[in-house]
Amino acid sequence: MSTLSGKSILIVDDHIENLNLLSSVLKAHYRIRVATNGRDAFGLALATPSPDLILLDIMMPDLDGYAVCARLKANPQTKEIPVIFMTARTQTEDEARGFAVGAIDYLTKPVHPQLLLARVRAQLGLSELLRKARQQCQATGEQVLQITRERDEHLAYSEHLTREIFRREAAEAALRESQARFDRLTDRLKDQVIFFSHSLQGELLYCSAGVQLLGIKLSPEQAIGQNWVSIVNWTPESLQRGSEYDRQLIAGEKQVIDFEISFRHSDGTLRYFMVHEYLIHDYARNIDLIEGILVDITAQKAQEAQLRTLVQAVEQAQASIVISDAEGIVLYVNPYFSEITGYTKEEVIGNNPRVLKSGQHDATFYETMWKTLASGQSWRGEIVNRKKDGSLFWESAAISPIVDATGHIVNYVAVKEDIGDRKNLERIKEDVEQIMRHDLKSPLNAIIGMPQVLELDHNLTPIQREMIGLIRESGLNMLDMINLSLDLFKIETGRYQYQPQPVDLLALLARLIHTFENKITRKQVTIQLNFNGVCPPQQMQFFIAADERLLFSMLSNLLINAIEASNSGTSIAVNLEHQQQTILTICNSGTVPVAVRTDFFEKYKTYGKQGGTGLGTYSAKLMADAMGFKIGMETSDIEHSTQVWLHIPLG
């Protein structure tokens, strides 16, 4: 083996292909370091250990080769490093300038490999001769001390050689450390990456510790000498693909190849790798070989499959899906969006969604929406938009902000459902209900007016007059209920104007109990009215601020529920407490079914009640909310009782 092997060479060139070419020629004989610009080259030259020789390109951006060489020669630490210029410049003055700044040789591109090796070997040989001269100077000891001026020169030269020896020893130590770092790197990445090289026939020449990723029971040492085709259960497509790409490298059709390959692991799962490989010449063995890396992309493939499924679901969703950036510019719409709005994705992408704006909502509506989104919260609501043909349509929309790792909003995603059919049904329902309320009033006027005519008969008995009075009162109550239904509709749609008036709550409760006297008798229950724990005197009054019609209807619903839910022979307690606050409770025997406890006040929620509509408690809460009351329910399986309470605000 040549005594020059193991020398350190720094190659400086701003073109990666030149670095790869020069490295491939020299790496079999020397230790190679590379830099792509003058500043990095100067830094590597100053580092310990410094290179034994520098191959320096002239034409580089920022700091050209002449400037780098001049700086190296001006620095005592680097001035002795031999510099060989490499350049495409062939003018005599260019070469002269190179030698002027301190270069020892000058090579023109393209560089012939054999010429390069010869020039490098010659310069390193000169350096080696200097080292041997130092040894000879030391051996001759006393004789060297007696020489004249040449003694001083040789002594200085010997000192220089000594420094070179120290630097080269440090370089060897650095090389060993570099190898140790590479070994640590391959060990740390063994769960993700495999480094490999194989002959042109497929025989493995090197394999890193990650070989276990291939699902084989071979150590890296045992894998060497095996053919890469036979040691792994590759899929047929992967074998064909790998062999074809190796052929292209060998034939020189491609310099570097990246491709995907898969195999069946010993645990039965299908694994995927990304291969990056290239052809090099091993000068030490004087053979061509293929080397590269395998990167495990199995998890990435699974994520890509999930993403494809998600994309397919979004594309086929029967709802409009719109994705925009943080400024609201549309980045994506799915096909259903185009189907509903009439706009193609090309017409919408890059624009603001305000193209759909109908003008049916005021500025406050949109300000509230964007304020909610800007705070990082999702906005949900119903919105009227305009199609491309100008027609309006209703959508139920859910818009959510998407944030990055730092918490900044980067996108918005809107999922919108066409609710035009539902809105039409609601309008039809409202129209029918209003017609029914109007038509019910006509026959009811006769029912209310007839008792007044009958009462003119002086031959009526007291019982008959009482019964006629009940008919009149029931008719008036029904009229109130019809009018109340109109009010409930206004409450639901947010158009009700609440105007509280003083109402004698004790008198109203007494009237309710009297109204339901027949129902109470049939159920065989009793009702006990208490005020602050005692039965109130008949003429006692207690006023609160409320809407009497709403209050009467609300308490009617609650009292009817209590009567119907009570067991025969039990008592219903109606308690009015007025201390720091006013609280009305209606407590009856029996419990609320478990199935409706959490939804007790929800619309249409009923269970096990024949003929029940689920509107009684719903309308009670609707009216309580309209008057600013707080309403709640508590039921106890232990005490077998249910209590509905009302917190009434002070007038």
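Refer to the structure printed above.
*Asks:* Please clarify how the pairing of strand β12 (residues 330-333) should be interpreted in this entry.
*Replies:* Consecutive residues of a regular strand have side chains that alternate between opposite faces of the sheet. Looking at chain direction, strand β11 (residues 320-325) and β12 are connected through three bridges and run antiparallel. By the bridge assignment for β12, S324 is matched with V330. The hairpin turn running from β11 into β12, its antiparallel successor, is four residues long, and G328 in that turn takes a positive phi close to 90 degrees.

*Asks:* Teacher, can you tell me more about the layout of surface pockets here?
*Replies:* Gaps between atoms show up when a probe of the same size as a water molecule is rolled over them. Counted as a void, the second largest pocket has a volume near 1,700 Å³. As for the second largest pocket, its lining consists of 43 residues, of which S23, K27, Y278, I280 and E291 are closest to the centre. Top element by residues in the lining of the second largest pocket is helix α7 (residues 149-188). It accounts for seven residues. Tallied by class, residues from the lining of the second largest pocket come to 21 nonpolar, 13 polar and nine charged.

*Asks:* Could you clarify how one ought to interpret the pairing of strand β22 (residues 641-648) in this entry?
*Replies:* The buried fraction of β22 amounts to six of the eight residues, a majority that puts the element mostly inside the structure. Direction of pairing for strand β20 (residues 582-589) relative to β22: antiparallel, over a ladder of eight bridges. Across the sheet, N588 pairs through a bridge with T642, a residue of β22. Strand direction decides the pairing type here: strand β21 (residues 630-636) and β22, joined by seven bridges, are antiparallel. From the neighbouring strand, K630 faces β22, where its bridge partner is H647. Between β21 and the antiparallel strand that follows it, β22, lie four residues; H640 among them carries a positive phi value of about 55 degrees.

*Asks:* Quick question: what am I supposed to make of the sheet that holds β12 here?
*Replies:* Paired through their backbone hydrogen bonds, the strands of a sheet run either parallel or antiparallel. Overall, antiparallel pairing links the five strands, which are arranged β12-β11-β15-β14-β13 in an open sheet. For this open sheet the edge positions go to β12 and β13 (379-386), each flanked by a neighbour on one side alone. Strand-to-strand twist across the sheet, computed as the mean angle between neighbouring axes with direction ignored, equals 25 degrees. Relative to strand β15 (residues 409-418), strand β14 (residues 392-403) runs antiparallel, the two being bridged by nine bridges. Bridge pairing in β15 links S400 to V413. The sheet strands contacting helix α13 (residues 363-374) are β13, β14 and β15, and the helix crosses β13 at an angle near 140 degrees.

*Asks:* How should empty space enclosed by the protein be read in this particular structure?
*Replies:* Within the structure shown, the criterion is met by three cavities of 30 Å³ or more. In this structure, the largest cavity encloses a volume near 220 Å³. Contributing to the lining of the largest cavity are 18 residues, with F196, H198, W228, W234 and L294 lying nearest its centre. Broken down by secondary-structure element, the contributors of at least two residues to the lining of the largest cavity are β6 (193-199), β7 (204-207), α9 (236-250), β8 (256-264) and β9 (270-282).

*Asks:* What exactly am I supposed to notice about the sheet that holds strand β4 (residues 83-87) here?
*Replies:* Across the sheet, five strands lie side by side as β2-β1-β3-β4-β5; this open sheet has parallel pairing. Each edge of the open sheet carries a strand with a single partner, namely β2 (31-35) and β5 (105-108). With direction set aside, neighbouring strand axes in the sheet form an average angle of 20 degrees. Here β4 pairs with β5 via four bridges, running parallel. Directly across from I84, in β5, lies its bridge partner D105. On top of the sheet, helix α1 (residues 16-26) reaches β1 (8-12), β2, β3 (53-57) and β4; it is set at about 160 degrees to β1, its chief contact.

Calculation criteria
- Numbers given to residues run from 1 along each chain, matching the order in which its sequence is written.
- Only residues with pLDDT of at least 70 get local features here, since the model is predicted, and only at 80 or more are side-chain atom pairs given and counted; chain-wide, interface and lining totals rely on the full set of residues.
- Excluded from the side-chain calculations are hydrogens and water; all other atoms, namely the structure's heavy atoms, are used.
- Strand pairing follows a simple DSSP-based rule, namely that at least 2 bridges must link the two strands.
- Numbering of helices and strands runs from the N terminus, with a helix taken as a DSSP run of H or I at least four residues long and a strand as a DSSP run of E at least two residues long.
- Of the grid points, spaced at 1 Å and generated over the protein atoms alone, those admitting a 1.4 Å probe that cannot get out make up cavities, while open sets with protein on both sides within 12 Å along at least five of seven lines make up pockets; any residue with an atom within 4 Å of a point is treated as lining.
- Grid points are joined across faces, edges and corners, and a volume is the space filled by probe spheres set on the points.
- Any residue that is not Ala, Val, Leu, Ile, Met, Phe, Trp, Tyr, Cys, Pro, Asp, Glu, Lys or Arg is counted as polar, Gly included; the first ten are nonpolar and the last four charged.
- Under the scheme applied here, a residue whose accessible area is under 20% of the maximum for its type counts as buried, over 50% as exposed, and between as partly exposed, the area being computed with a 1.4 Å probe on protein chains only.
- Between the N-to-C directions of two axes lies an angle of 0 to 180 degrees, each axis being a line fitted to C-alpha atoms and, for a helix, fitted only over the stretch in contact.
- Any two residues whose heavy atoms approach within 4.5 Å are treated as being in contact.

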